Every structure is written in structure tokens, then in C-alpha cells.
Amino acid sequence: MSTNETPETSAPPAGPKVFKSDGPASLTLTAYESGPAVIREVRKLSLPSGICRIYIGGLPKQFVQNSQSVTGVTGSGKFKVRQRSLRPANMTFPALLAQSIGKSIVLLEDVPNSSTPRRTEGVLKTIVDNRYAVLETTGAADEQARVGEKSNAGGSDRGVLILPITNKFRLVDGIPAGLSDLTILVMEPDVETAGDFGINLLYEAEGINWSPSYEVFYDHRLKQLMRFACYVDLPNTCGASLDASVVNLISGHNHSDAAARSAQRSMRKGVVAERMSLTASAAPMGGAAPAADYEEVAAESEDFGGDGKLYRLQQPVYLENGIPANPTLVSASGVPVVHEYHALPGAYAHLEGDNPDDLPKGPVNVKLRLVNDAAAGLGVDLPPGPVRILEPDGKGELQKTQTSEVEAHVSAGEPFSLDLRNPARDLKITRELVEYKEDPKPADEYEEGAGEAGEATEGEDAGTENGGATMHPLAVQTSVSGGPGVGTPGHEMERRRQLAESAAGESGDGKKKAKKQPKPRFAEQERRFTVLNFKDEEVEVTVHEAVPANSEFLSKSQDFTRFVAATGKGIYRLKVPAKTTHPSQAAGDATNGGATPGSSKPGSVSVSYRIKYRVN
């Protein structure tokens, strides 16, 4: 935005002409999940030739010191910046008066028994002891009639008044340049040719981060997500409202060196100034600002060529200070899903009594599988975040029923799933330990290792019993022979342990003892699990099972759909029929086999197997 010239009228010696820019012509914001945001601004100013001073105001209070950079200047001729400085928010009563020296002000004083204050107008010459203002009065009597206030300057005589400073005064020329309730960047450029200029700034600011969250409307009957939306929580506590034409969101943390240095100097007060020379003729790679006739437009892409992810919002966003914004990142409808049921591994329990209904019923979890492609109405990168799921009830009204999580970044074209946190209400699983037996532990559980004395048993160290002989500890070679830990208490303890073990494990002829091997003992288990379906429709349930690794299956009623012997983990995919409901009938009718009229019985599938495995 262009601004009007504001000549500086402070006390001599007069400085360069002052120009103010209170807001950007355009603003681009890049926010991170943590760390300061990166902000790019374009400030428009009309400048004369020669040296001038520019006050760039409206910057956030949470401005990261030393993060500012002039990335380019558009205009005609050369634009050389002699110096720049960053001023934090500094608008106070003393500062307003101090910056108004040499300018016209009106001091207002309360008058007892009067609602009209006494006013004294004049040119502020100086301030004494921060308590008294020295005014050169103008004697403008017509001002009294214009403002309807009592005047302390009579006639047209000029004079000097010394008055106590109050917190009520009026600045005739407005707020002095360089004072603001926000951060100000001050620059002093030397302009070769007068004209309109665009100054491209880049800086960082704390207090702006983003986090995604999802909203899903799920219709179980249609097996579709009627809405799949990702919203962005974008709070702004930087101290300034920002009207961003472009908002980029980068997943990750902004490791800002400038912010780290700023935190280290957080106890230091005052203005942080940095001087630099920016010449028009220097090449951009030399660290200088480009010439006014050079403009570089940064090309930003979602592909960093590495592991980063960038999300660009499609619409401008106004970030009001202190008010979080919630723009939409992704919105799709009619997304097809595959609804799956999974029973995870669980403990097997003995049945107390003869009624299987007494067995504890475990949960059956729900998984929704999706594909992030254009055919499903998606096909854009998805950030990780929490998901709330709403489903229509019998009246068609949406009720929040589930929560889930997009656990990791999902690339375009990648399948992913939503694991619902609440289990299915009409599906259960019982696990019964039908039989368990284990070989008894013998009195002497260990047997001697095989092989001749002094030879190694397979998988063990070679040696024989030492027969009571001991070897001198100094002759034993230890594994701790050097390094920075030699001589430390930890090194000495390790050395003594190795000496003791070596002495106890060797015979007088230097041969190691054979270690005793435990006699193998085995256990057998017969397991049975039953999946119960209280729904009105047949469902497929994936049952996950885990057995001791390398178990031997002695019998099984059904083969695993998939099984890995090395880990002992496998799955069954079972079709579980719907529940059956007995029709109403006349009393005494034996059609239902004596079942209560109108009663229902869950559909069920049982699987049993018997395994043998080593327990020692």
C-alpha cells in the first residue's frame, strides 16, 4: 500500500525524510506444526530520490529478532539500503512525548468543579525530569471557540510555559513516526530515481502453528463416506492480524536459528539493530539486495525432492490476532470404504461350569479401508491427525459414534485405514482353554553336556569341570583391555567379574567346564475360540491368533488362512452367519424345539486346535 510523505519536524539537526508503511500490499504465510512461521510481505511506497527513512509498521509483536531479510526490491533505478534496525512495540506515554519534541501538542488538565478540561497548546521544546513539559505557546485564541475548551493561551502573545505532564494530551501532527504498539522495521535507503517501489520482506514470527483434524460422515449401509474433510486449526497469537493471500502448511518443525538466538537473548531489552550494505550492482548470491529493476518470484511446490510435505490452501485466509482460523484443507464426498472386523489376540480362560455363556467375551474391532486416489474422490496428500466419525441414526440425524486417527502421512494413491476406537457392539469372541498339561519338572532339571572333556558342546563354551583347581587370576585374559574407561570404578568392577567367571569356569589344566543343559519339557494346549454374531446379516471376521513360536500342531479343526511358524502368528478369515430369530407360535407348539417364541440365537463359528511346545 502506498503512503503519503510525512516530513520529520523533530528538533535539529534534521534527519532524512520519513515515510511510513502501516500494512503490506500482499502477504504470504508458511506455518509449521511447531516453531515460528515464515512470512513474506510486499510493502509499496512512493519515495523521492536521495536518502530517506522508512518505518515499516504493523509487524507482529512476536517478531523473531534477526530473522528479517529483504529478498528483493521492484522499481526503477538503484535502491541501496544503508542501514536497518528492528524496534519492538514502543508506544508509551513517555515515548509519545519524547518523539513529539519540536512538534505542536495540546496538554489537557482537569479543572475542579468543571467538566471541561483546561487546554494549553504550544510547541513542545523539551521535557524536564520526565515531569514537566516546556511549551512555546502560539496564543491561538480562535482554537478555544473551535474545540469548546478552556484555553490557557490568551491573545496572540508568544511565551514559554512550564507545565506538569499529565496522561492527557493531544498530538496535533498525529503519532510520531517510529512509534507503534507493534514491531517496526526501520530502513534508510539511498534512492537513485524517485518513483514507486515494492519492498519484498521475509521474516519469522512466533505464535502461528497449525494442526489438522478430520471429520467423516459414514453411511454403513452404503459403505461410503458421505463426507471426508480435513480442517486446519490455525491459531494466531503473534500480536498482529494478518491478511494472507496465500497460506502454505509444512508438516514438521521449523528449526529456526534466529529464534534460538532470540531465546538466548530474551533477557536483553531495547532495540536490536543490524547494519548491512545492500548494493544494486552486487549479484544476489553475494548476499546483497537485488537492484530495483530486478524481481525474483519464488516458486513453491508440494514436492521438495525429499521427505517434506507442503500443503497449500486454495483460498486467502484472514488471521485475526487471538482468534483461531479453521480453513478447509481437503473436502470429498462419496468416498468408498471397505468395512472390516478384526478380533485381536487375547487370553484363553478355563470354563468354570458347563455353560459357555460364562466365558468372558472379548471385543471385535472395526477397520475402514480406503484408497487415497482420484477414483475415490481424494488423490491429495493427507497429513496425520485425529478423526471424528458421525453416522446417521434411524431418523437420519447425524450422531458422533466413533473416533479414529490418520496415523501417518498418506501419499496420493496410497491405501490407508481408519481403526475405530469403539469395538463392534453386536460381534463378540470367546476364547476357551479346553485342556492344558505340562511335563513335570524333575528334581534334577539339568543334564550334563555331551562331548569329551575340554571340547565345546554345540552352542556352548568348551570345557570341563575344574575339579577344585583354580587358575591364578593374573593369567586370565579379559575382554576389557583398553579405552577411555580403563581405571574407572566401572572398569574395575567389570574386570573383577570377568576374572571371577574365568576362574570358576576353568579347571587346573586350563580347560573349561561343560555347562549343564536343561532337560527339555513340553506343554500341550487345546484351544477353542468362538465368534458370535448378533447382527441380522452375515459378516466376515478376521481372527488374529498367536501361539508360542515353532509350536507343533497336533490337531486342528480348520487351517489358518495365513500363518508364520517362526513368529507363531496367523489369521483366520471366517464367515459368521447372522443371528436366527424364532417366529412367534402357539404355546405348546414344538416347531422351535422348545425355544421361547420370538427369541433369537446369535450366529457363531468355532475353531479349535491343539499345540505342543517347549516350555524351558
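Residues numbered from 1 in each chain as written. Predicted model: local features only at pLDDT ≥ 70, side-chain atom pairs only at ≥ 80, totals over all residues. Heavy atoms only, no water.

Draft legend 1. Quick look at the overall build of the protein chain. Within the protein chain one finds four helices and 42 strands. Each of the 616 residues in the protein chain was classed as buried or not, and the buried ones make up 37%. Summing over all exposed atoms, the protein chain offers an accessible surface of approximately 33,400 Å²; the carbon and sulfur share of this is 49%. (Helix = DSSP H or I, 4+ residues; strand = E, 2+ residues; numbered from the N terminus. Buried < 20%, exposed > 50% of the residue type's maximum accessible area, 1.4 Å probe, protein only. Areas by Shrake-Rupley, 256 points an atom, 1.4 Å probe, with all protein chains shown as cover.)

Draft legend 2. Quick peek at the sheet that holds strand 37 (residues 552-556). Overall, antiparallel pairing links the five strands, which are arranged 27-32-35-42-37 in an open sheet. The open sheet has two edge strands with one neighbour each: strand 27 (361-363) and strand 37. Averaged over all neighbouring strand pairs, the angle between strand axes comes to 30°, with direction disregarded. One ladder, built from four bridges, connects strand 37 with strand 42 (residues 603-614); its direction is antiparallel. Looking across to strand 42, one finds that K556 is bridged to Y609. (Pairing = 2+ DSSP bridges. Axes fitted to C-alpha atoms, helices over the stretch in contact; angles between N-to-C directions.)

Draft legend 3. Representation of the pairing of strand 4 (residues 37-47). Counting buried positions over the 11 residues of strand 4 gives eight, a clear majority of the element. The antiparallel hairpin formed by strand 3 (residues 26-34) and strand 4 contains two residues in its connecting segment, where G35 sits at a positive phi of about 95°. Pairing of strand 4 with strand 15 (residues 195-205), which is carried by 11 bridges, proceeds in the antiparallel orientation. Looking at strand 15, one finds that S46 is bridged to D196.

Draft legend 4. Representation of the packing of aromatic side chains within the structure. Counting across every chain of the model gives 12 aromatic pairs. Geometrically, the ring pair formed by F529 and Y572 is tilted, given 5.5 Å between the ring centres and 55° between the ring planes. With F529 in strand 35 (residues 522-533) and Y572 in strand 39 (residues 569-576), this pair connects stretches of sequence that are 43 residues apart. Accessibility classification places F529 together with Y572 in one group, the buried group. Consider the rings of F553 and F563, whose centres lie 5.5 Å apart with planes at 90°: the pair is edge-to-face. Pair noted here: F553 is in strand 37 and F563 is in strand 38 (residues 562-564), with a separation of 10 residues, a long-range link. For F563, a relative accessible area of 29% corresponds to the partly exposed category. Put simply, the rings of F529, F553, F560, F563, Y572 and Y609 touch in pairs and so form one group of aromatic residues. Across the ring face of F522, the terminal group of K612 is positioned such that the distance to the ring centre comes to 5.1 Å. (Phe/Tyr/Trp six-rings, centres within 6.5 Å; stacked < 30°, edge-to-face > 60°. Lys NZ or Arg CZ within 6 Å of the ring centre and 35° of its normal.)

Draft legend 5. Quick look at unusual backbone geometry. Backbone geometry places N113, a non-glycine residue, at a positive phi of 60°. As for its position among the elements, N113 is in the loop between strand 8 (104-109) and strand 9 (118-128). On the accessibility criterion, N113 (87% relative accessible area) is exposed. Although it is not a glycine, K223 adopts a positive phi angle of roughly 55°. Position of K223 among the secondary structure elements: in the loop between strand 16 (211-219) and strand 17 (224-233). Owing to a relative accessible area of 29%, K223 belongs among the partly exposed residues under this scheme.

Draft legend 6. A look at a nonpolar patch on the surface. Together, V128, Y132, V160 and I162 line one region of the surface with nonpolar side chains, adding up to about 360 Å² of accessible area. Relative to the assigned elements, V128 resides in strand 9. (Patch = residues over 30% accessible without salt bridge, like charges linked within 9 Å, V, L, I, M, F, W, Y side chains within 5 Å. Salt bridge = Lys/Arg side-chain N within 4 Å of Asp/Glu carboxyl O.)

Draft legend 7. Focus on the environment of S245. Within the secondary structure, S245 sits in the loop between strand 18 (242-244) and strand 19 (246-253). Residues in contact with S245, not counting those within four places in the same chain, are L27, T28 and P316. (Contact = heavy atoms within 4.5 Å.)

Draft legend 8. Seen up close, the confidence of the model for the protein chain. Scored by pLDDT, the protein chain comes out at a mean of 78, with 71% of its residues at no less than 70. Contacts for the low-pLDDT stretch residues 266-301, under 50 throughout, to residues beyond four places or in other chains number 60 contacts. (pLDDT = per-residue confidence, 0-100.)

Draft legend 9. How the structure looks around the pattern of salt bridges. Inspection of every chain in the model, using the stated rule, returns 21 salt bridges. Put simply, E215 and R227 hold a salt bridge, and the shortest N to O gap is 2.9 Å. One end of the pair, E215, is in strand 16; the other, R227, is in strand 17, and 12 residues separate them in sequence. Measuring nitrogen to oxygen at the nearest pair gives 3.2 Å for the salt bridge that ties R421 to E405. With R421 in the loop between strand 31 (415-419) and strand 32 (427-438) and E405 in strand 30 (residues 398-406), this residue pair connects regions lying 16 residues apart in the sequence. Given a relative accessible area of 28%, E405 falls into the partly exposed group. By sharing partners, the salt bridges in this structure join E435, K437, E524, E526 and R610 into a single network.

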